[in-house]
Amino acid sequence: QVQLQESGPGLVNPSQTLSLTCTVSGGSITTNPYYWSWIRQPPGKGLERVGNIYSSGSTYYMPSLKSRTSISRDTSKNQFTLQLSSVTPEDTAVYYCARGDHNKRAWDSWGQGTSVTVSS
């Protein structure tokens, strides 16, 4: 059974870069038919996809965040990382990493989520 665990700072200063890592166990991040996502939920709002990294290493970013987002991976550690630059208080959210299944067209495994606050 695959497990995902987010890690990273809970407080980020405005204009700085938010960096979160998702450590995956029980399954490789290079295996099809899976892809790996960052998803966030701002306070009082719904879930919002930030972006994906695929088993090939290619990426997809939500257009509204594309200019500030980078998702990378370390296959030796079975981890993938989110970097979101020039953050503002509007980036305050619970951030989740999740595994998506192309065949199911859905996320089937989630991390527990990590709360990130952007504030000085």
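Quick caveat: nothing in here was measured; it's all calculated off a predicted structure.

**Student:** Can you break down the pattern of salt bridges residue by residue, with the values?
**Tutor:** Enumeration according to the criterion identifies five salt bridges in this entry. In this structure, the salt-bridge partner of Asp91 is Arg40, at a minimum N-O distance of 2.9 Å. With Asp91 in the loop between strand S8 (79-84) and strand S9 (93-101) and Arg40 in strand S4 (residues 34-41), this residue pair connects regions lying 51 residues apart in the sequence. Judged by its relative accessible area of 5%, Arg40 is buried. Among the charged side chains, a network of salt bridges with common partners joins Arg40, Glu48, Arg68 and Asp91.

**Student:** Explain unusual backbone geometry residue by residue, including any values.
**Tutor:** Cis rather than trans, the peptide bond between Asn32 and Pro33 has omega equal to 5°. Positive phi is not limited to glycine here, since Ser15 has a value of about 80°. Looking at the element boundaries, Ser15 is found in the loop between strand S2 (11-12) and strand S3 (18-25). Residue class for Ser15 comes out exposed when judged on its relative accessible area of 51%. Despite not being glycine, Ser86 shows a phi value in the positive range, around 50°. According to the relative accessible area criterion, Ser86 is partly exposed, its value standing at 42%.

**Student:** Before we move on, could you go through the state of the cysteines and cite the residues and values that matter?
**Tutor:** For the coordinates displayed, the defined rule picks out one disulfide. Between the sulfur atoms of Cys22 and its disulfide partner Cys97 the distance amounts to 2.1 Å. Negative torsions about the S-S bond denote left-handed disulfides, and the value of about 65° found for Cys22 with Cys97 makes this one right-handed. Here Cys22, found in strand S3, pairs with Cys97, found in strand S9; they are 75 residues apart in sequence, far enough to count as distant. Overall, Cys22 belongs to the buried group, its relative accessible area being 0%.

Scoring rules and cut-offs
Residues numbered from 1 in each chain as written. Predicted model: local features only at pLDDT ≥ 70, side-chain atom pairs only at ≥ 80, totals over all residues. Heavy atoms only, no water. Salt bridge = Lys/Arg side-chain N within 4 Å of Asp/Glu carboxyl O. Helix = DSSP H or I, 4+ residues; strand = E, 2+ residues; numbered from the N terminus. Buried < 20%, exposed > 50% of the residue type's maximum accessible area, 1.4 Å probe, protein only. Disulfide = S-S within 2.5 Å.

Keep in mind these numbers describe shape, not what the thing actually does.
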